[in-house]
Number of protein chains: 2
Amino acid sequence: MRDDRFCASNCSFTRAIGTIGNKWKPIIINVIGTRTVRFGQLDSIIPLISRKVLAEQLKELEEDGLLERLAYKELPPRVEYKLSEKGLAFLPILESIKEWNGKYEVAPMPGETDKKSRVTCAG
Amino acid sequence: MRDDRFCASNCSFTRAIGTIGNKWKPIIINVIGTRTVRFGQLDSIIPLISRKVLAEQLKELEEDGLLERLAYKELPPRVEYKLSEKGLAFLPILESIKEWNGKYEVAPMPGETDKKSRVTCAG
DNA sequence: TATTCTGGTTACCATTGGGTAACTACAAAT
DNA sequence: ATTTGTAGTTACCCAATGGTAACCAGAATA
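Note that the structure is a prediction, hence the values are computed from the model and not measured.

Chemist: What is the right way to look at the confidence of the model for chain A in this model?
Modeler: Any region with low pLDDT has predicted coordinates that should not be read closely. All names here are of chain A. Model confidence for chain A is summarised by a mean pLDDT of 88, while 86% of its residues fall at 70 or above. Element-level pLDDT for chain A is lowest in helix α1 (residues 4-7), with a mean of 88, against a maximum mean of 98 in strand β3 (residues 78-83). Within the model, pLDDT remains below 50 along residues 109-116, and this stretch shows nine contacts once partners closer than five positions in the same chain are excluded.

Dropping the structure here:
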């Protein structure tokens, strides 16, 4: 998922894209926002992502220092995710993407077809 | 490459990510910048991208209104790509990603290993 | 006693992504 | 007459992605 050729680039920008340039990570970061969110919450807030992929993405985001994972030694387990300083500093960028998209998007709203097959950010 | 489930979301942000949330598109947009660039130039400036994938990405970017394609009726063919207004408006976002990464990136520079296997933005 | 609850992980399998090489058209140059 | 150059496209094939279902621990609840 994370492309090592990107992360090993001598270009800082390319490395950044290697870190956050995929479709799930911006969504996850946006959903977490300034909150503290549990794994199960993320799994249900973001439909169409499987637990497997969600776990992968969270692990990578943690490795890249974008979020913090707090595991409570309880049973049943409880794990909370929140953005690190680096992750929080990324939020304004997501906001400017929203603005940009709102300003220039061509097709405004899709027709009411198959709701099940759509992704929601539900942020 | 472009995920239809994202593009059909009722969430504007998710749709935006469906459009530009992959690894090649930000790179391509960054490389083009304010210039006018030919297909072959892109192909040689961006190593490790194949012509096939490059052509795909360019087509999608054009469909999404991020760039304009100017084909001259010559032989051998000449095609020039430049960012549209929407594409140009995306450049500041890429700049803020660069800033953000410069500020928070953990591993600063990779060792001198296999240069061939790296991606360069060469912007 | 059996079920539930949570945050994963693992094995298995189908789908997809993406690379490579060959091919196109035609003009100009060798 | 053959090669070169451009911007792709197509067929083919292998590797990687990602989904599904099963499984785990161990306490609390019914």
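Having seen the structure, we can now continue with the description.
Chemist: I tried to follow the environment of B:L54 on my own but got confused; where do I start?
Modeler: Residue and element names in this part refer to chain B. Mapped onto the elements, L54 comes out in helix α5 (residues 51-63). Each C-alpha atom of the pair L54 and L42 lies 8.2 Å from the other, and the pair is 12 residues apart in sequence. In contact with L54, other than residues within four places in its own chain, are I28, F39, L42, D43 and I49.

Chemist: In this structure, what is going on with the relation of the copies chain B and chain A? I would like to understand it.
Modeler: Here the second copy of the chain follows from the first by a rotation about an axis and a shift along it. Turning chain B through 180° and shifting it by 0.0 Å along the axis lays it on chain A, with an RMSD of 0.0 Å. Accordingly, the operation relating the two chain copies is best matched by a two-fold axis. Taking the C-alpha atom as reference, chain B places B:N22 closest to the rotation axis, 2.2 Å from it. In this assembly the copies share their binding face: 100% of the residues contributing to the interface of chain B also contribute to that of chain A.

Chemist: How should the interface of chain B and chain A be read in this particular structure?
Modeler: The accessible area lost on association of the parts is a frequent measure of interface size. Every contact between the two is made by 45 residues of chain B and, on the other side, 45 residues of chain A. A combined buried area of about 4,400 Å² lies between chain B and chain A, and 68% of that area is made up of carbon and sulfur atoms. Counting every contact that joins chain B to chain A gives four salt bridges. At the junction of chain B and chain A, the tally comes to 11 residue pairs in polar contact (both at pLDDT 80 or more). Secondary structure elements with two or more residues in the side of chain B that touches chain A: α1 (4-7), α2 (12-20), α3 (24-32) and α6 (85-104) of chain B. The dominant element in the side of chain B that touches chain A, judged by the number of residues it contributes, is α6(B), at 12 residues. For the side of chain B that touches chain A, the residue count by class is 25 nonpolar, 11 polar and nine charged.

Chemist: Help me out: how do you make sense of the packing of aromatic side chains in this one?
Modeler: Two descriptors summarise a pair of aromatic rings, namely the distance from one centre to the other and the angle between the planes of the rings. This model, assessed by the stated rule, comprises four aromatic pairs over all chains. With a centroid separation of 5.0 Å and an interplanar angle of 65°, the aromatic rings of A:F6 and B:W24 are classed as edge-to-face. Here the residue A:F6 occupies a position in helix α1, and B:W24 occupies one in helix α3, the pair thus bridging two chains. The aromatic ring of A:Y72 is capped on one face by A:R78, whose charged end is 3.9 Å from the ring centroid.

Procedures and definitions
Residues numbered from 1 in each chain as written. Chains lettered and ligands numbered in written order. Predicted model: local features only at pLDDT ≥ 70, side-chain atom pairs only at ≥ 80, totals over all residues. Heavy atoms only, no water. pLDDT = per-residue confidence, 0-100. Helix = DSSP H or I, 4+ residues; strand = E, 2+ residues; numbered from the N terminus. Contact = heavy atoms within 4.5 Å. Least-squares fit on C-alpha atoms with pLDDT ≥ 70 in both. Buried area = accessible area lost by both parts, 1.4 Å probe. Salt bridge = Lys/Arg side-chain N within 4 Å of Asp/Glu carboxyl O. Polar contact = N/O pair within 3.5 Å; in protein donor to acceptor, adjacent residues only side chain to side chain. Nonpolar A, V, L, I, M, F, W, Y, C, P; charged D, E, K, R; others polar. Phe/Tyr/Trp six-rings, centres within 6.5 Å; stacked < 30°, edge-to-face > 60°. Lys NZ or Arg CZ within 6 Å of the ring centre and 35° of its normal.

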